[in-house]
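Close look at the chain arrangement
Each chain is listed here by its residues.
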Amino acid sequence: MVSYLNNNYFTICLVLVLCLGCKDKAEPKEAENTSKEKPELVMYQPSEMATLMNAMYAYNLQLKQQIVNGEEPMTMPLDLMRLHSAEMSNGHARTATWNSFVNVFIESQQSVVDTLSNVQLKERYNSAINNCLACHKTECTGPIPKIKKLLIQ
Ligand code: HEC
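As the structure is a computational prediction, the values presented were derived from the model and not from experiment.

**Overview of the overall build of the protein chain**
Counting its regular elements, the protein chain contains six helices and zero strands. Listing every helix and strand of the protein chain by position from the N terminus yields α-α-α-α-α-α. Long-range contacts, defined here as pairs at least 24 residues apart, represent 60% of the contacts in the protein chain between residues at least 6 apart. Accessible area for the protein chain stands at about 10,900 Å²; split by element, carbon and sulfur atoms hold 59% of it.

**Regarding the environment of M53**
Following the sequence through the fold, M53 ends up in helix α3 (residues 48–68). Spatially, the C-alpha atoms of M53 and L80 are 9.9 Å apart, while their sequence positions differ by 27 residues. When sequence neighbours within four positions are dropped, the list of residues in contact with M53 reads L83, W98 and H136.

**Some points on α3**
The terminal C-alpha atoms of α3 lie 30 Å apart, and with 21 residues this matches the ideal 30 Å at 1.5 Å per residue to within 8%. Those residues of α3 not exposed but buried are M49, L52, M56, Y59, N60, L63 and I67. The arc that holds every buried residue of α3, seen down its axis, measures 100°, which confines them to one face. Along its buried surface, α3 packs onto α4 (96–111) and α5 (121–139).

**Section: the nonpolar core**
One finds L80, L83 and Y125 to be the most contacted residues of the largest nonpolar core, which totals 30 residues. Every residue in contact with Y125, bar those within four places of it in the chain, is listed here: N60, L63, K64, I67, V112, L150 and I152.

Thresholds, definitions, all that
- Residues numbered from 1 in each chain as written.
- Predicted model: local features only at pLDDT ≥ 70, side-chain atom pairs only at ≥ 80, totals over all residues.
- Heavy atoms only, no water.
- Helix = DSSP H or I, 4+ residues; strand = E, 2+ residues; numbered from the N terminus.
- Contact = heavy atoms within 4.5 Å.
- Areas by Shrake-Rupley, 256 points an atom, 1.4 Å probe, with all protein chains shown as cover.
- Expected span 1.5 Å × (residues − 1).
- Buried < 20%, exposed > 50% of the residue type's maximum accessible area, 1.4 Å probe, protein only.
- Arc of directions from axis to C-beta.
- Core = buried A, V, L, I, M, F, W, Y, C linked by side-chain atoms within 4.5 Å.

Here it is as structure tokens:
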């Protein structure tokens, strides 16, 4: 009886050791595979619209830096007309609300680099960001905290 129990205990220990051993050895291999087969394994494919939005975010982050440094930005390299055509991810569509915000936004984003404007640069910039937020309040609430950080206080 005693030897049976001991045997069992030994077996459990052996199994545990083997499993842990497996895990330790398997992990680096898995990591290797992930990096090699990344395009297949990564399920999240940003939509055209998401990619454009991220470019708009990056552009405005750069504008903010320039304005805070006292520089006057003069170029708007983004093709904002793609807001009218870019494919959107599941669950998003050009709703009536979207349509009511998109042109106002495009205009305000373009006015940031309008060097002839009488409106103060910081005000023009913040109004573009507030137009991001206006659309996001109904169309895509997730990135709102991130977009709010673009505002110049
Ligand atoms: C007219 C409406 C509208 C305006 C204006 C707008 N957005 Fe968006 N935004 C959306 C919608 C809808 C999505 C979701 C798109 C998708 O997933 O296909 C989105 C997605 C995003 C995302 C997430 C992208 C991702 O990786 O999933 C970010 C970040 C973002 N917007 C930032 C901005 C910034 C910054 C501005 C202003 C410079 C802005 N948006 C202006 C509607 C808008």
